[in-house]
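# Structure at a glance
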Amino acid sequence: MTSVLIEDLPPATADFLHRRARRAGASSVADHIRHELITLAKERAPIDNVVELAAEEGSRSLPEPEIDYDARVLHRTYSLPNDVWHTLCVRAAAAGVSVSDYVHQELVALSRRGTIDDVMWEFGEMQAANPSLDIDFEAVLKATRYARGLD
């Protein structure tokens, strides 16, 4: 049972989600997390293979998802659509963890897979906060692309 409210996420994950919310112009971080969860639920995930296999084999159904207190808070706080909630619950059951633990893990993983735009935005915010920094954005972009095997 793990809270997925922004104030309860690891600091690096919370910072990442705050930054993404600012970049997206979201009215609040909670609204942006809602958007991220909807996007995650609609994208194919590796655990979907397990879900599909269990659906094909009638005798091997998945256990009921563990919907703990934190999961109910998650559902209420982010006003998730029913299809998104169902997807998150089924994936959590397939992974053998509570819904709140599954969503927490997904948000942490999302923050560790930031895009090149996320990297550039973070450097831009650092420079805006400290204009005396001399950041070579072209070099940052080239290094980031190189590190990711894109160049």
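Refer to the structure above for everything that follows.
Here we summarise the structure given alongside this text. Just so you know, these numbers come straight off a predicted model, no measurement behind them. For every chain, the first residue of the written sequence is number 1, and numbering continues from 1 along that sequence. Residue-level local features of this predicted model are given only where pLDDT is at least 70; pairs of side-chain atoms are given and counted only at 80 or more, and the full residue set underlies all totals for whole chains, interfaces and linings. As a rule here, side-chain values come from all non-hydrogen atoms in the structure, and water together with hydrogens is ignored.

On to the pattern of salt bridges, then. Note on definitions: salt bridges are taken to be side-chain nitrogens of Lys or Arg within 4 Å of carboxyl oxygens of Asp or Glu. With the rule as written, the count across this model stands at 10 salt bridges. Arg-22 is paired through a salt bridge with Glu-125; the nearest N and O atoms lie 2.8 Å apart. With Arg-22 in helix 1 (residues 11–24) and Glu-125 in helix 7 (residues 116–129), this pair connects stretches of sequence that are 103 residues apart. Only protein chains enter the calculation, and the probe is 1.4 Å; a residue is then buried if its accessible area is under 20% of its type maximum, exposed if over 50%, and partly exposed in between. On the basis of relative accessible area, Arg-22 is assigned to the partly exposed category, the value being 46%. With its nearest N and O atoms 2.9 Å apart, the salt bridge here joins Arg-91 to Asp-48. In this pair, Arg-91 sits in helix 5 (residues 82–95) while Asp-48 sits in helix 3 (residues 47–56), placing the two residues 43 residues apart along the sequence. For the pair shown, Arg-91 and Asp-48 are each scored as buried. One salt-bridge network, in which partners are shared between bridges, spans Arg-20, Arg-23, Glu-36 and Asp-118. Labels follow the DSSP assignment, with helices taken as runs of H or I lasting at least four residues and strands as runs of E lasting at least two, numbered in each case from the N terminus.

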